[in-house]
Amino acid sequence: LKPAGNLAFILPHKFFNAQYGQPLRGLLSKGNHLSHVVHFGDQQVFPGSTNYVCLLFLHNAGVDSCRYVLGHDLPGWLKSYHGTEASIPAEQVTAAEWNFAVGPGAALFERLKAMPVKLGDVADIFVGLQTSADDVFILKFVSETAKTFTLESKALRRDWTFEKELLHPLVSGTDIHAYTPLPNRQFVLFPYVIENQTANLIALKELTKRWPRTAEYLVANRRRLEARESGRLSGTSKWHGYIYLKNMTRQELPKLCVPRLVKVLACTIDWNGSHFLDNVDVGGVVLNERYDRVGLHYLLGLLNSMLLRWYFPQVSARFRGGFRSANRQFLSQLPVPLLNLLDPTENMEHDAVVGLVERVLAAKKIDPVADTSALERDIDERVYHLYGLTKGEIAIVEGR
């Protein structure tokens, strides 16, 4: 461009808050080039294909501020070329995620965003098992006895009876609702033993000796398993195992479970580590050792609160149909108020949230569709206090 030249693109806006977009954001922010944005959110500008686009205007000489417009009402924007908008000072446009707040909640969003401690600081967030052969390893529940499960195999198109020991309930995103118990509708075959924080594949010979029905099932699927990844495990002693061995030792930990795609942020708790997670479809949240005393129940109350449900969409990637991505990158940005549990007053505030959460969980355990709205409202009030919200800010969060 000439020194005073301008550039206008229509292009995907995913790089605004994706990790891979950091170099591009850095390049544009270094010269204060971002002059005007029209962000269409999940509106489908080009019929016939799924797309998430924006209008991006750049000025070569640099600007003092960027006119940032939300075109989330596409028909309305097409008529007037106006929408909810704000002027973003150039100093706020950096290589960090471009989560610009527009509208009456902008000041509240910026205040919460500035809180020093985030969920990614106090917790590890991880995904589930990657078997590379879900049709073999993931099975649908049919029936059980004291020592066996009968499960439906998609790979074999028939039911198979297994010994129980190597099967674990598996959680998918659709299984998770706020505070509700996790179901046992499907199971994952996990032919591993965890020793010294390492997942070791059980040899076929030992499987045959101790769990003959399970070993027979794997042998029946040998051709399918050896064909994975262009025969990567074919002819080896590990043909009956998983190919990608990430997060294997974390599955049995007590954890919070969060669906990868949500319309409203929601999570529940796997308190005894009984359930494993399904690939990237569900995220697990465990506290770092340094923050063990905070407790998962406290985080559960925060993540299911109306406040973080309001905040979360503003830092997450949009998908059509009103869905948001709740993967590690976006969950990590949620602000967390850390209380001094050695201070009697702050410890009492912490315990009050935990006590309410435990009451909700107890009610949902008895009846998963129990009406706990009054208790959840009490949690919301406690959370507003923890984050220091004013009455006006509460009204914004609640859409009033």
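Residues numbered from 1 in each chain as written. Predicted model: local features only at pLDDT ≥ 70, side-chain atom pairs only at ≥ 80, totals over all residues. Heavy atoms only, no water.

### Some remarks on the packing of helix α13 (residues 344-366) against helix α14 (residues 373-386)
A pair of packed helices can be characterised by two numbers: the angle between their axes and the separation between those axes. It is the contact of α13 with α14, at a shortest axis distance of 9 Å, that shows an interaxial angle of 160 degrees. Taken together, the axis directions place α13 and α14 in an arrangement best described as roughly antiparallel. Here α13 runs over α14; the crossing is left-handed. On α14, the residues that touch Glu 349, Ala 352, Val 353, Leu 356, Val 357, Arg 359 and Val 360 of α13 are Leu 375, Glu 376, Asp 378, Ile 379, Arg 382, His 385 and Leu 386. (Axes fitted to C-alpha atoms, helices over the stretch in contact; angles between N-to-C directions. Helix = DSSP H or I, 4+ residues; strand = E, 2+ residues; numbered from the N terminus. Parallel < 35°, antiparallel > 145°, perpendicular 65-115°, else oblique. Left-handed = near helix turned anticlockwise from the far one by under 90°. Contact = heavy atoms within 4.5 Å.)

### So, the nonpolar core
Counting residues in hydrophobic clusters, the biggest one holds 55 residues, and the most contacted among them are Leu 119, Leu 256, Leu 302, Leu 307, Leu 331 and Tyr 387. Excluding anything up to four places from it in sequence, Leu 256 contacts Cys 267, Thr 268, Ile 269, Gly 283, Gly 284, Val 285, Leu 296, Leu 299, Leu 300 and Leu 303. Phe 149, Phe 187, Val 188 and Phe 190 belong to the second largest nonpolar core, which has 30 residues in total. (Core = buried A, V, L, I, M, F, W, Y, C linked by side-chain atoms within 4.5 Å. Buried < 20%, exposed > 50% of the residue type's maximum accessible area, 1.4 Å probe, protein only.)

### Concerning the sheet that holds strand β15 (residues 261-262)
Read from one edge of the open sheet, three strands run β15-β20-β19, paired in antiparallel fashion. With one partner strand each, in any of the chains shown, β15 and β19 (318-319) form the two edges of the open sheet. Taken together, the two bridges between β19 and strand β20 (residues 323-325) define a ladder with antiparallel strand orientation. Residue pairing for β20: Phe 319 is matched across the bridge by Phe 323. (Pairing = 2+ DSSP bridges.)

### So, the packing of aromatic side chains
What the rule picks out here adds up to 19 aromatic pairs. Ring centres of Trp 98 and Phe 100 lie 6.1 Å apart, and the angle between their planes is 25 degrees; on these two criteria the pair is classed as stacked. What makes Trp 98 buried here is its relative accessible area of 3%. Each ring, one from Trp 160 and one from Tyr 217, has its centre 5.4 Å from the other, and the planes form 65 degrees; the classification is edge-to-face. You can see Trp 160 sitting in strand β9 (residues 158-163) and its partner Tyr 217 sitting in helix α7 (residues 212-220), a full 57 residues away along the chain. Each member of the pair Trp 160 and Tyr 217 is classed as buried. Every member of this aromatic cluster is reached through a ring pair, and the members are Phe 15, Phe 16, Tyr 68, Trp 98 and Phe 100. In this structure, Lys 14 is placed above the aromatic ring of Phe 319, and the distance from its NZ or CZ to the ring centre is 3.8 Å. Across from the ring centre of Phe 149, 4.8 Å away, lies the NZ or CZ of Lys 164, which sits over that ring. (Phe/Tyr/Trp six-rings, centres within 6.5 Å; stacked < 30°, edge-to-face > 60°. Lys NZ or Arg CZ within 6 Å of the ring centre and 35° of its normal.)

### Describing α7
Every buried residue belonging to α7 is among Thr 214, Ala 215, Tyr 217 and Leu 218, and all of these are buried. Across the axial projection of α7, the buried residues extend over an arc of 160 degrees, all falling on one side. (Arc of directions from axis to C-beta.)

### Structural notes on the layout of surface pockets
Rolling a probe over the atoms, with the probe sized like a water molecule, indicates the empty space that remains. Its boundaries defined by the atoms lining it, the largest pocket holds a volume of some 460 Å³. Lining the largest pocket are 26 residues, with His 72, Phe 100, Pro 313, Gln 314 and Arg 318 positioned closest to its centre. Per-class residue counts for the lining of the largest pocket are 13 nonpolar, 10 polar and three charged. There is about 330 Å³ of room inside the second largest pocket. What lines the second largest pocket is a set of 16 residues, among which Pro 181, Leu 182, Ile 269, Trp 271 and Lys 365 lie closest to the centre. The dominant element in the lining of the second largest pocket, judged by the number of residues it contributes, is α13, at four residues. Residues that form the lining of the second largest pocket fall into these classes: seven nonpolar, six polar and three charged. (1 Å grid on protein atoms, 1.4 Å probe; cavity = no way out; pocket = protein on both sides within 12 Å on 5 of 7 lines; lining within 4 Å. Points joined across faces, edges and corners; volume = space filled by probe spheres on them. Nonpolar A, V, L, I, M, F, W, Y, C, P; charged D, E, K, R; others polar.)

### Describing the packing of helix α10 (residues 296-303) against α13
The contact between α10 and α13 brings their axes to 8 Å, and the two run at 80 degrees. By the angle class used here, α10 and α13 are roughly perpendicular. Contacts from His 297, Tyr 298, Leu 300 and Gly 301 of α10 reach α13 at His 350, Val 353, Val 354, Val 357, Glu 358 and Leu 361. Along the lines of polarity and charge, the residues of the contact of α10 with α13 split into six nonpolar, three polar and one charged.

Shape descriptors only; they carry no functional weight alone.
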